[in-house]
Amino acid sequence: MAPALDTALLRRNSLFAVLDDTEMEAMLEFAKVRRAAAEERIFAKGDPGDSLYVILRGRVAVQTESDEAKVMLLNILDTGSLFGEIAMLDGGERTATVVAQEATELLRIDRRDFMPFLLQRPDLCVRLMTVLCERVRWTSAIIEDTVFLNVPRRLAKRILMLSQAYGRATDAGTRITTFVSQEDLANMLGVSRESVNKTLKQFQTAGAISYRNGYIIVHDESFLDQVSR
């Protein structure tokens, strides 16, 4: 059983948000805490989908690799985020690799414990359908953006997504609190770092953002929204 946890933090993600207090307590009975060092691989693409994770502290990168070892960064997840749920639910292989970007603490829930818990609660299965649909919609949007949008549109849209997920209001604008390097952005979009650098400079010249030492402040959300369309 996991030690006492901040349930408000767990409810930040859509899976735990659909649990009532009794269900949450029952699930935490079989949850475990795992710690990962910076750069440690939590699981790799192709590994068995035997568990899901919630980030209690730290940050992870979700990425995939081609046969030529080219890396595409799919997402950066911060405290409160959930990952690994799809492969855990269907028992299939992992569809991506997840690596800790810094010292990270995770809540792990194993498939062998979760599936009996789920089968005893058919109403929860219906609620989980909406959670999985959200994930499918997000994945479909990423694929469409890669195919149909140019670099400025894709970068503007990605910055807005990061701002929505990790933004904090400041006097200067919305500060994205998670570190995102230009290389990270390039890997997210599947383009060169040079293209990202050029586009970031265009956004800064327009007064839409500031970018310094891996942190972005959004000054003009409407500008980015217009570019992304």
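Notes on the structure in this doc start here. (Residues numbered from 1 in each chain as written. Predicted model: local features only at pLDDT ≥ 70, side-chain atom pairs only at ≥ 80, totals over all residues. Heavy atoms only, no water.)

Examining the sheet that holds strand 6 (residues 82-83)
Here comes step 1: Here we have four strands laid out as an open sheet, ordered 1-8-3-6, and antiparallel in their pairing. What marks the edges here is a single partner per strand, and that holds for strand 1 (32-36) and strand 6.
Here comes step 2: Pairing geometry for strand 1 and strand 8 (residues 104-110), over five bridges, is antiparallel. By the bridge assignment for strand 8, Lys32 is matched with Arg108.
Here comes step 3: Against the sheet, helix 5 (residues 111-119) makes contact with strand 1, strand 3 (51-57) and strand 8, and its axis sits at roughly 55° relative to strand 8, the strand it touches most. (Pairing = 2+ DSSP bridges. Helix = DSSP H or I, 4+ residues; strand = E, 2+ residues; numbered from the N terminus. Contact = heavy atoms within 4.5 Å. Axes fitted to C-alpha atoms, helices over the stretch in contact; angles between N-to-C directions.)

With respect to the sheet that holds strand 10 (residues 173-176)
Here comes step 1: Read across the open sheet, the four strands follow the order 9-10-12-11; overall the sheet is antiparallel. Since the sheet does not close on itself, it has two edges, and those belong to strand 9 (167-170) and strand 11 (209-212), each with one partner. Within the sheet, the average angular offset between the axes of one strand and its neighbour, ignoring direction, is 25°.
Here comes step 2: Pairing analysis gives four bridges linking strand 9 to strand 10, with the strands arranged antiparallel. Residue pairing across strands places Arg168 opposite Arg175, the latter belonging to strand 10.

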